[in-house]
Amino acid sequence: MSRSSICYLNGDYLPLDQARVSVLDRGFIFGDGVYEVIPAYGGNLFRLRQHLQRLHNSLEAIRLSNPLSDTQWQTLLQTLVEKNQHAPESDQSIYLQVTRGVAQRDHRFPQNTPATVFAMSHPLAPVAMEELQTGVAAITLDDIRWRYCYIKTIALLPNILLKQQAIEKQATEAILVRNGEVTEGSASNLFVVKDGVIKTPAKSEYLLPGITRDLIVELAQKNRLPCEECRITETELHAADEIWLSSSTKEILPVTRLDDKTVGNGKAGPLWKKMISVYQAYKQTLRKHAEGAA
Ligand code: PDD
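Parameters and conventions
Residues numbered from 1 in each chain as written. Predicted model: local features only at pLDDT ≥ 70, side-chain atom pairs only at ≥ 80, totals over all residues. Heavy atoms only, no water. Helix = DSSP H or I, 4+ residues; strand = E, 2+ residues; numbered from the N terminus. Rg over C-alpha atoms; globule rule 2.2 N^0.38 Å. Buried < 20%, exposed > 50% of the residue type's maximum accessible area, 1.4 Å probe, protein only. Contact = heavy atoms within 4.5 Å. Areas by Shrake-Rupley, 256 points an atom, 1.4 Å probe, with all protein chains shown as cover. Lys, Arg positive; Asp, Glu negative; His and termini not counted. Charge placed at Lys NZ, Arg CZ, Asp CG, Glu CD. Phe/Tyr/Trp six-rings, centres within 6.5 Å; stacked < 30°, edge-to-face > 60°. Lys NZ or Arg CZ within 6 Å of the ring centre and 35° of its normal. Disulfide = S-S within 2.5 Å. Pairing = 2+ DSSP bridges. Axes fitted to C-alpha atoms, helices over the stretch in contact; angles between N-to-C directions. Core = buried A, V, L, I, M, F, W, Y, C linked by side-chain atoms within 4.5 Å.

So what about the overall build of the chain? Which residues, and what values?
In terms of helices and strands, the chain carries eight helices and 15 strands. Computed over C-alpha atoms, the radius of gyration of the chain comes to 20 Å, within 12% of the 19 Å expected from 2.2 N^0.38 for 294 residues, which places it in the range of a compact globule. The C-alpha extent of the chain, read off along each of the three principal axes, is 55 × 50 × 40 Å. Counting over 294 residues, the chain shows a buried share of 49%. For the chain, the proportion of contacts with a sequence separation of at least 24, taken over those separated by at least 6, is 70%. Counting only carbon and sulfur atoms, one obtains 53% of the accessible surface of the chain, whose full area is about 15200 Å². Averaging the coordinates of the 33 positive side-chain charges in the chain and doing the same for the 33 negative ones gives two points 1 Å apart.

Here you go:
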């Protein structure tokens, strides 16, 4: 039997298969909570400050006070990573969620109820370069979600329904369209390349401000690759030379088929190749920096 990973629940570290939460938890009853997904490369939490800032923003948006300080979060997450780091070079995906706690079912906020804090780790397998070059298929779907998509809420039913529709059409991701403009994927942000310019939808309440998205924009600027944050219409999406999806766990994924049509020449494009190498180099510098600091 494989060893159960160690998770964190309300102050304790314990095997994941032994962690228990009440059925009255508002996360279970209402989806009343927020989450983060943070990669840890070689034991180092990636862009932790940015993830904790977004967690803070999500908690503020749902009017739940942050149960831990940034220093406490850092200690908790770093301890969790260490407890699950079975080989020095291996990577992990850390999931954390905070819910409004356990109370009798009532739509109103409960009074004096401690938040439920949970975090767990999964191994993060490296994606093979050859597989990446082939790219993935995506379909466009109507963005049926609410207007607060900038909150990283655990209430993901619309995203799940959209993703499943894509899977059933043999696609990896659903690219969402609202009023003729593209927003993001069901679990990723979106980039298009046209005539050598990288474009991504500007931040708004209709999309999650992805940590990977922000890093790609930052790396494009540092490497003098033209990059714009702007509105992108569905027509522009279909006319793109390259389409990429970004997320903490998938990094940067080229889309080579969209709605059963080939994107560009059907292979990962030149700007994706440039960006993925810049991205990997950035990850490497963090590993070196961490080794140096150790
Ligand atoms: N999801 N947009 C949505 C709707 C997402 O769910 C995600 C990530 C992103 C990318 O954000 P980031 O670069 O910070 O991972 C954008 C995570 C990985 C998930 O739900 O598992």
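From this point, the narrative continues.
Account for the environment of Ala240, with residues named and values stated.
With respect to the element layout, Ala240 can be found in the loop between α7 (234-238) and β13 (242-247). Along the sequence, Ala240 and Ile175 sit 65 residues apart, while their C-alpha atoms lie 14 Å from each other. Other than its neighbours up to four places away in sequence, Ala240 contacts Val192, Val193, Lys194, Val263 and Gly264.

Before we move on, can you summarise the packing of aromatic side chains with the specific residues and values?
Aromatic rings considered in pairs are described by the distance between their centres and by the relative angle of their planes. One pass over the structure, following the stated rule, counts eight aromatic pairs. An angle of 80° between the planes, with centres 5.1 Å apart, marks the rings of Tyr41 and Phe46 as edge-to-face. With relative accessibility at 4%, the residue Tyr41 sits in the buried group. A connected cluster of aromatic rings, assembled from ring pairs, spans Tyr41, Phe46, Tyr279 and Tyr282. For the cation-ring pair, Lys83 lies above Tyr13, with the distance from its terminal atom to the ring centre recorded as 5.2 Å. Seen from the ring of Phe109, Arg100 lies directly overhead, with NZ or CZ sitting 3.7 Å from the centre.

Give me the state of the cysteines: which residues, what numbers.
Enumeration according to the criterion identifies zero disulfides in this entry. Of all cysteine sulfurs in the structure, the one in Cys230 sits closest to Cys149, which takes part in no disulfide; the separation is 19 Å. Look at Cys149 and you get buried, because its relative accessible area is 6%.

For the sheet that holds strand β4 (residues 44-45), give the residues involved together with the corresponding values.
Pairing in this open sheet of six strands is antiparallel, and the strands run β2-β1-β6-β5-β3-β4 from one edge to the other. The sheet terminates laterally at β2 (12-15) and β4, the two strands that pair on one side only. Of the pairings in the sheet, the one linking strand β1 (residues 6-9) to β2 comprises four bridges and is antiparallel in character. Opposite Tyr8, over in β2, you have Tyr13 as the bridge partner. The strands touched by helix α2 (residues 48-61) within the sheet are β3 (33-41), β4 and β5 (92-99), with β3 carrying the most contacts at an inclination of about 175°. Lying over the sheet, helix α3 (residues 70-84) contacts β1, β2, β3, β4, β5 and β6 (116-123), oriented at roughly 140° with respect to β5.

Lay out the nonpolar core in plain terms, naming residues and giving numbers.
Counting residues in hydrophobic clusters, the biggest one holds 40 residues, and the most contacted among them are Ile175, Ile198, Leu237, Ile243, Trp244, Ile252 and Met275. Counting residues per element, the ones that place at least two in this core are β7 (136-142), β8 (173-178), β10 (189-194), α6 (211-222), β13, β14 (251-258) and α8 (270-293). With seven residues, α8 is the largest single contributor of residues to this core. With residues up to four places along the chain from it excluded, the contact list for Ile175 reads Ala138, Ile139, Thr140, Leu141, Val182, Glu184, Gly185, Leu190, Leu237, Ile243, Leu245 and Leu258. By size, the runner-up hydrophobic cluster in this structure holds 24 residues, among which are Ala40, Leu77, Leu80 and Val117.

So what about the environment of Thr172? Which residues, and what values?
Within the fold, Thr172 resides in the loop between α5 (157-168) and β8. Considering only alpha carbons, one finds Thr172 and Gly135, 37 residues apart in sequence, at a separation of 9.8 Å. The contact partners of Thr172, leaving out residues within four places of it in the chain, are Val136, Ala137, Lys163 and Ile167.

Can you lay out the pairing of β10 for me, pointing to particular residues and giving the numbers?
A large share of β10 lies buried, amounting to five of its six residues. Taken together, the five bridges between β10 and β13 define a ladder with antiparallel strand orientation. Of the residues in β13, the one forming a bridge with Phe191 is Trp244. Sheet topology places β10 next to strand β11 (residues 197-201); three bridges connect them, and they run antiparallel. By the bridge assignment for β11, Val192 is matched with Lys199.

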